[in-house]
Amino acid sequence: MIGIICAMEEELTSIVRNLDVTTSHIPSKSDFDVYTARYGRHELVFILCGIGKVNAAIHTQMLIDSYSIEYLINVGVAGSLSADLTFGDVVVASDLVEHDMDVSGFGLPLGQIPRMDVFAFKSDPILLECADKIKIANHKTVIGRIVSGDQFIDSKEKAEFLHSHFNALACEMEGAAIAHTCHVNNIPFIVIRALSDMAGRDGVAAHSFEELKNMTANHSSNVVKQLLALI
Ligand code: SAH
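What counts, and where the lines are drawn
Residues numbered from 1 in each chain as written. Predicted model: local features only at pLDDT ≥ 70, side-chain atom pairs only at ≥ 80, totals over all residues. Heavy atoms only, no water. Buried < 20%, exposed > 50% of the residue type's maximum accessible area, 1.4 Å probe, protein only. Helix = DSSP H or I, 4+ residues; strand = E, 2+ residues; numbered from the N terminus. Pairing = 2+ DSSP bridges. Disulfide = S-S within 2.5 Å. Salt bridge = Lys/Arg side-chain N within 4 Å of Asp/Glu carboxyl O. Arc of directions from axis to C-beta. Contact = heavy atoms within 4.5 Å. Near = heavy atom within 4 Å. Polar contact = N/O pair within 3.5 Å; in protein donor to acceptor, adjacent residues only side chain to side chain. Areas by Shrake-Rupley, 256 points an atom, 1.4 Å probe, with all protein chains shown as cover.

## A look at the pairing of strand 4 (residues 42–48)
- With respect to burial, strand 4 is a largely interior element, six of its seven residues being buried.
- Here five bridges tie strand 1 (residues 2–6) to strand 4, and the two strands are oriented parallel to one another. In the strand pairing of strand 4, Ile5 is matched with Ile47.
- Where strand 3 (residues 34–39) meets strand 4, six bridges bridge the pair, whose relative direction is antiparallel. Within strand 4, the residue paired with Val34 across the bridge is Ile47.
- Here strand 3 folds back onto strand 4 in antiparallel fashion, the turn holding two residues, of which Gly40 has a positive phi close to 60°.

Structure below.
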C-alpha cells in the first residue's frame, strides 16, 4: 500500500479529485480523515495530517502502524527559497532538515537533532529516480533540499538565511517531520511540494500564499499522478 499524506484539505482534495478515484471514508483513530482508494495497480491510503511538525509526525506514525505501507508520499505546497524558482514550480526533496531544531549551544550545527545518526533525512533513491522524469507544462520540477519548521516563513531575511545556510530550495512545516518518522520506521518516502509563495522574498508571502494555494496544490497532485504511473 502507498501512503499519501497532506497537511491541508486543499492539498488532499486536489489529489483525490485529480486522480479521479472513488474514495471511501473509513473510521480513523485521529481527528483527521483517512481515505483508501485503488489507482491503477496501486492501493492508496490518504491521510490529512494537519499543519506543523507534531501533527505530521503523529499522523505518519498512525499510518505506518495501521497499514502495511510500502512507500509514503508527502505532497503539498511550500515557500520558495531560490531566486530561480517561482509560483507553481515543483520541488522534490532530495533530503529534508528540521530548520528550527537548534542545539547550537552545545556546538551542534543548526538543524542537527541531538543523538541522532543523521543530519538530513533522504528521500528514497528509487522514488527520486522516478520523480526526476516528471514534467509539468510551463513549470520547473527540480530536486533539492527542503527545510521544515513550525514557522510560516514570510521574511526576506529568514528566507535568505535558510537558503544560504542549508542550501535549501523550499521551506514548509511538515516534510522533515514526516521524513524523520519514516526514517525511524525504515519506510521509504518522498516529499513533493509546489511553490505557493516566495517565503517573504517579495514582501507579500501571506497574500500570494492564499491566492496560489489551490493552483499549486493541483500541480503537486499532477506530479503524484505521474509518479504513481512510474512506480
Ligand atoms: N492560514 C493558513 C496557514 C497555513 S500554514 C491556512 O490555514 O490555510 C502554511 C502551510 O503551507 C503549511 O502546511 C506549510 O507546510 C506550507 N507552506 C507554504 N508556504 C510556506 C512558507 N512560506 N513557510 C512555511 N510553510 C509554508
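## A word on the state of the cysteines
- Within this structure, the stated rule accounts for zero disulfides.
- Of all cysteine sulfurs, the one in Cys49 lies closest to Cys182, which takes part in no disulfide; the gap is 11 Å.
- Classification of Cys182 by relative accessible area gives buried; the value is 0%.

## Structural notes on the pattern of salt bridges
- Per the counting criterion, the structure on display carries seven salt bridges.
- The residue Lys156 makes a salt bridge to Glu160 at a minimum N-O spacing of 2.9 Å. Of this pair, Lys156 and Glu160 both sit in helix 4 (residues 156–166), separated by four residues, roughly a single helical turn.
- Across the pair Arg193 and Glu174 runs a salt bridge whose closest N-O atoms are separated by 3.1 Å. Residue Arg193 is found in strand 10 (residues 189–197), and its partner Glu174 is found in the loop between strand 9 (168–172) and helix 5 (175–185); the two are separated by 19 residues along the sequence. For the pair Arg193 and Glu174, one class covers both residues: buried.
- Among the charged side chains, a salt-bridge network with shared partners connects Lys53, Asp100 and Asp150.

## Section: helix 4
- Within helix 4 the residues assigned to the buried category are Ala159, Leu162 and Phe166. The buried residues of helix 4 occupy an angular sector of 75° when projected down its axis, which confines them to one face. With respect to the buried face of helix 4, the exposed residues turned more than 90 degrees away are Glu157 and Ser164.
- Its buried side turned inward, helix 4 meets strand 6 (90–98), strand 8 (141–148) and strand 9.
- Asn167, located one to two residues past helix 4, shows a positive phi value of around 55°.

## As for helix 5
- Along helix 5, the residues that are buried comprise Gly175, Ala176, Ala177, Ile178, Ala179, Thr181 and Cys182.
- Asn186 occupies a position one or two residues after helix 5 and carries a positive phi of about 60°.

## Comments concerning the site of the ligand
- Not every one of the 20 residues close to the ligand is listed here, only the nearest: Ile153, Met173, Glu174, Asp197 and Lys213.
- Residue Gly79 places a main-chain N or O atom 3.3 Å away from a nitrogen atom belonging to the ligand.
- The side chain of Arg193 places a nitrogen or oxygen atom 3.3 Å from an oxygen atom of the ligand.
- Summarising the interface, the protein chains cover 81% of the accessible area of the ligand, which totals 570 Å² for the free molecule.
- Mapped by element, the contributors of at least two residues to the shell around the ligand are strand 5 (71–80), strand 9, strand 10 and helix 6 (205–230).

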